[in-house]
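An overview of the molecular structure
If you want the building blocks of each chain, they are given just below.
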Amino acid sequence: MKPLISLLLICVGVCYIGCSAIETIEEIPTDGENPIDDEPPMPEEEAFYFPAMNSEDWETISMEELGWNEDAEQPLYDLLLAKGTKVFIILKDGRIVVEKYFNGGGVLSTYPWYSVGKTLTAFTVGLAQQDGFLTIEDGSSNYLGAGWTSLTTEKENEIKVEHNLTMTTGLDYNVSNQNCTDPECLTPLNDPGSFWYYHNAAYTLVQSIVEGAINDNFNTYFNSSLRNTIGMDGTWLNIGYTNIFYSTGRSMARFGLLNLNEGSWGDIQILSDTSYFDKMTNTSQDYNKAYGYFWWLNGKDSFRVPSSELEFSGKLIPNAPDDLIAGLGKNDQKLYVVPSEGLVIVRMGESTGETVAGPSSFDNLLWEKISLLIN
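None of these values were measured; they are calculated from a predicted model.

1. Regarding the state of the cysteines
- In the structure shown here, the tally under the stated rule is 1 disulfide.
- Here Cys180 pairs with Cys185 through a disulfide, and the sulfurs are 2.1 Å apart. Handedness here is read from the sign of the S-S torsion; for Cys180 and Cys185, about 75°, the answer is right-handed. With respect to burial, Cys180 and Cys185 carry one shared label: buried.

This is the structure:
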């Protein structure tokens, strides 16, 4: 009897297990969903596109694909044409959405960056520090030598590289030529780090600081460490005391894309010093919240502008996104970078009618038109 009982028990067990399995299968929903599988992975966010080196090929994307307001396109172009614009480019995540040339401008023509070029210099300083040539907390005299100002040695040694980067050297800006970098033009007014004023001579000396640090020509180091690494064209030209960068509009767009990607060109880290990049693109001192290391910053509650000691309340460009950073130059040369929107915008050309070295009312007027287009 025992073998028979064992066989019966085995059969009952098999039936129990099988029936349970059948009941379980019958309870599986039949609407195409499978609760056994994991949730499907979320699609990865599309990465930035970076144009190839030494190539004119550049991917494009249409306004229709982006869902932009194409009715606002022509009013934007009308403004640009009327205001002496020669180059206007909009990149979205690195791809060209708009590339227009007006008033005799062309894709291969080169134009001056003027003070937009200050952002190139700031980036190059970060590379020199990353390469171990300098430290921005060091005294500027470490790299310029003694007697680069008319200050006493003690006072001269108080000026640091970071003061030159932030327009807080304390050097007297009430001089006949603010571009003059001769020692007799560099006299004391304020303690270093105690006041902000847009002083071109203090900026120009930053390139000399880099030269003193690397023991080589600034242009050579700039070309090898920055320009050539992202496929830019262009060159620096000495005009009087100043060193002005000239390039095509696409090269300015390439540099904007590098900064949109926080110092990396695709997978290649150009400026890997994230601390320096953050300081460069955020408020750098206590006196002008809208100024980093030669970059202008939107979205702050106050700002100062060149040729003025006054502080103004409100945002630098009210019509623009708060996280916009910008290089702004004479005759309304513009490089806008907007991380939240994945945008790089370039405007190069003649004066819009305002003789200013940085921010102007044209910024807000232009962003009124751009905002209608992209929203």
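Next, the rest of the story.
2. Comments concerning the nonpolar core
- Core analysis: the largest hydrophobic core is formed by 93 residues, its most contacted members being Phe88, Phe255 and Trp367.
- With residues near it in sequence (within four places) discarded, Phe88 still touches Leu76, Leu80, Val98, Glu99, Lys100, Phe102, Ile345, Val346, Arg347, Leu366 and Ile370.
- Counting residues in hydrophobic clusters, the runner-up holds 7 residues, among them Ile159, Leu171, Leu186 and Leu205.

3. Some details on the sheet that holds strand 3 (residues 111-112)
- What the 3 strands build is an open sheet, ordered 3-5-4; its pairing is antiparallel. Pairing within the sheet leaves two strands with one partner each, and these edge strands are strand 3 and strand 4 (235-239).
- One ladder, built from 2 bridges, connects strand 3 with strand 5 (residues 242-247); its direction is antiparallel. Note that in strand 5 the partner of Tyr111 across the bridge is Ser247.

4. Examining unusual backbone geometry
- A positive phi angle, close to 50°, is found at Tyr114, a residue other than glycine.
- Judged by relative accessible area, Tyr114 falls into the partly exposed class, the value being 24%.
- In this model, Asn331 sits at a positive phi of 60°, which is unusual for a non-glycine residue.
- In this structure, Asn331 sits in the loop between strand 11 (325-329) and strand 12 (333-338).

5. Notes on the environment of Val337
- For Val337, the location among the structural elements is in strand 12.
- Relative accessible area serves as the criterion here: at 0%, Val337 is assigned to the buried category.
- C-alpha separation for the pair Val337 and Gly327, spaced 10 residues apart in sequence, amounts to 8.7 Å.
- Residues in contact with Val337, not counting those within four places in the same chain, are Gly256, Asn259, Leu260, Trp295, Asp323, Leu324, Ile325 and Leu343.

Cut-offs applied
- Residues numbered from 1 in each chain as written.
- Predicted model: local features only at pLDDT ≥ 70, side-chain atom pairs only at ≥ 80, totals over all residues.
- Heavy atoms only, no water.
- Disulfide = S-S within 2.5 Å.
- Buried < 20%, exposed > 50% of the residue type's maximum accessible area, 1.4 Å probe, protein only.
- Core = buried A, V, L, I, M, F, W, Y, C linked by side-chain atoms within 4.5 Å.
- Contact = heavy atoms within 4.5 Å.
- Pairing = 2+ DSSP bridges.
- Helix = DSSP H or I, 4+ residues; strand = E, 2+ residues; numbered from the N terminus.

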